[in-house]
Amino acid sequence: MLKSVNKSLLVVFVIISSINGLAQKSRFEQDIESINRLSSKVQSDQFRRPYIYHDEPSLIKKINPVNMFFGGALYVYQNVLSKHISADCLFTPSCSEFSKQAIREYGLLKGVLLSVDRVNRCNRIAGQDLKHYDVDEKTNRYPDPLSRYKKASHRNGK
């Protein structure tokens, strides 16, 4: 009697296991199909920022080793490191975007000096002095565009 009960329990266990295995297999196949569908779609990164000299017509600026080094370092920082650091910049545009604009506008030396000044001001301690400035309503950051650093033209000897 005990052997017949054991056999019947074994048969029931095998039947339940096979039914469960078929259900898991179909779910597994559905999961694989959905993964394949999602991976086949090319998703562009909306936060990917271009190389500093990507649209520069001058070939000399593009292949200059110094420009390639600093531009590459800025590209790697913007597209790889800054995503993982999760630091909030106090200013708009962000400090790395400001650096890119300053280097393109003023050249490497003055652009790096402006960037160092900006990064030194971008911290919570220095942010205490920004209370009297206007805050951008969209980003809740202080506007500090590159146009602020352009030299005023001295017309008519003024």
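Here goes a summary of the coordinates provided. Along each chain, residue indices are assigned from 1 in the same order as the chain's sequence is written. This being a predicted model, a pLDDT of at least 70 is required before a residue's local features are given, and a value of 80 or more before pairs of side-chain atoms are given or counted; all residues contribute to the totals for chains, interfaces and linings. Working from all heavy atoms in the structure, the side-chain values ignore hydrogens and water.

What follows concerns a nonpolar patch on the surface. Without a salt bridge and with relative accessible area above 30%, a residue can belong to a patch; like charges are then joined within 9 Å and nonpolar side chains (Val, Leu, Ile, Met, Phe, Trp, Tyr) within 5 Å. For accessible areas, the Shrake-Rupley method is used with a probe of radius 1.4 Å. Any residue's cover is judged against the shown protein chains and nothing else. Whenever Lys or Arg places a side-chain nitrogen within 4 Å of a carboxyl oxygen from Asp or Glu, that contact is recorded as a salt bridge. Residues Val76, Tyr77, Val80, Leu81 and Ile85 make up a contiguous nonpolar surface patch of about 420 Å² in total accessible area. Comment: elements are numbered from the N terminus, with helices defined as DSSP H or I runs of at least four residues and strands as E runs of at least two. With respect to the helices, strands and loops of the structure, Ile85 is situated in helix H3 (residues 65-85). Taking relative accessible area as the criterion, Ile85 reaches 48% and is therefore assigned partly exposed. Only protein chains enter the accessibility calculation, which uses a 1.4 Å probe. A residue is then buried if its area is under 20% of the maximum for its type, exposed if over 50%, and partly exposed in between.

Applying the stated criterion across every chain, the model contains six salt bridges. Here Arg121 ties to Asp144 by a salt bridge, and the two come within 3.1 Å at their closest N and O atoms. Here Arg121 is found in helix H5 (residues 108-121), whereas its partner Asp144 is found in the segment after strand S2 (142-143), with 23 residues between them in sequence. In this structure, Arg148 and Asp144 form a salt bridge, with 3.4 Å as the shortest nitrogen-oxygen distance. Residue Asp144 is classed as buried on the basis of its relative accessible area, which comes to 1%.

Quick look at H3 now. Helix span, expected: 1.5 Å multiplied by one less than the number of residues in the helix. Taking 1.5 Å per residue as the helical rise, H3 with its 21 residues ought to reach 30 Å, and the 28 Å between its terminal C-alpha atoms agrees with that figure. The sharpest bend along H3 reaches about 40 degrees and sits at Tyr77. When H3 is considered as a whole, its buried residues turn out to be Asn67, Gly71, Leu74, Gln78 and Asn79. Buried residues belonging to H3 abut helix H2 (59-63) and helix H4 (95-106). At the N-terminal boundary of H3, the capping side chain belongs to Asn64, with an oxygen 3.2 Å from the backbone nitrogen of Val66. The angle between axes fitted to the seven residues ending at a residue and the seven residues starting there is what we call the bend at that residue. The criterion used for residue contact is that any of the two residues' heavy atoms lie within 4.5 Å. Each polar contact in these results corresponds to two N or O atoms within 3.5 Å; when the atoms are within protein, one needs to be able to donate a hydrogen and the other to accept it, and residues that are neighboring in sequence are counted only if both atoms are side-chain atoms.

Take the side chain of Glu56 next. Inspection of the secondary structure puts Glu56 in the loop between helix H1 (2-40) and H2. Judged by relative accessible area, which is 14%, Glu56 ranks as buried. A distance of 3.3 Å separates a polar atom in the side chain of Glu56 from a polar atom in the side chain of Arg104. Not counting chain neighbours up to four residues away, the residues in contact with Glu56 comprise Lys61, Lys62 and Arg104.

All right, on to the nonpolar core then. We call a set of buried Ala, Val, Leu, Ile, Met, Phe, Trp, Tyr and Cys residues a nonpolar core when their side-chain atoms join them within 4.5 Å. Counting residues in hydrophobic clusters, the biggest one holds seven residues: Cys89, Leu90, Phe91, Cys95, Cys122, Leu130 and Tyr142. Sequence-distant contacts of Tyr142, defined by excluding residues within four places in its chain, comprise Leu90, Phe91, Thr92, Leu130, Lys131, Tyr133, Asp134 and Val135.

For Phe, Tyr and Trp, where Trp contributes only its six-membered ring, two rings pair if their centres lie within 6.5 Å, and the inter-plane angle classes them as stacked under 30 degrees, edge-to-face over 60, or tilted in between. Evaluation of the coordinates by the stated rule reveals three aromatic pairs. Aromatic side chains Tyr51 and Tyr53 sit 6.2 Å apart centroid to centroid with 70 degrees between the ring planes, which places their arrangement in the edge-to-face category. Accessibility expressed as a relative area gives 24% for Tyr51, which makes it partly exposed. Between the NZ or CZ atom of Arg118 and the centre of the ring of Phe98, over which it lies, the distance is 4.5 Å. For Arg121, the ring lying beneath its charged end belongs to Phe91, and the centroid distance is 5.3 Å. Only Lys NZ and Arg CZ are tested; either one counts as a charge over a ring when it is within 6 Å of the ring centre and within 35 degrees of the ring normal.

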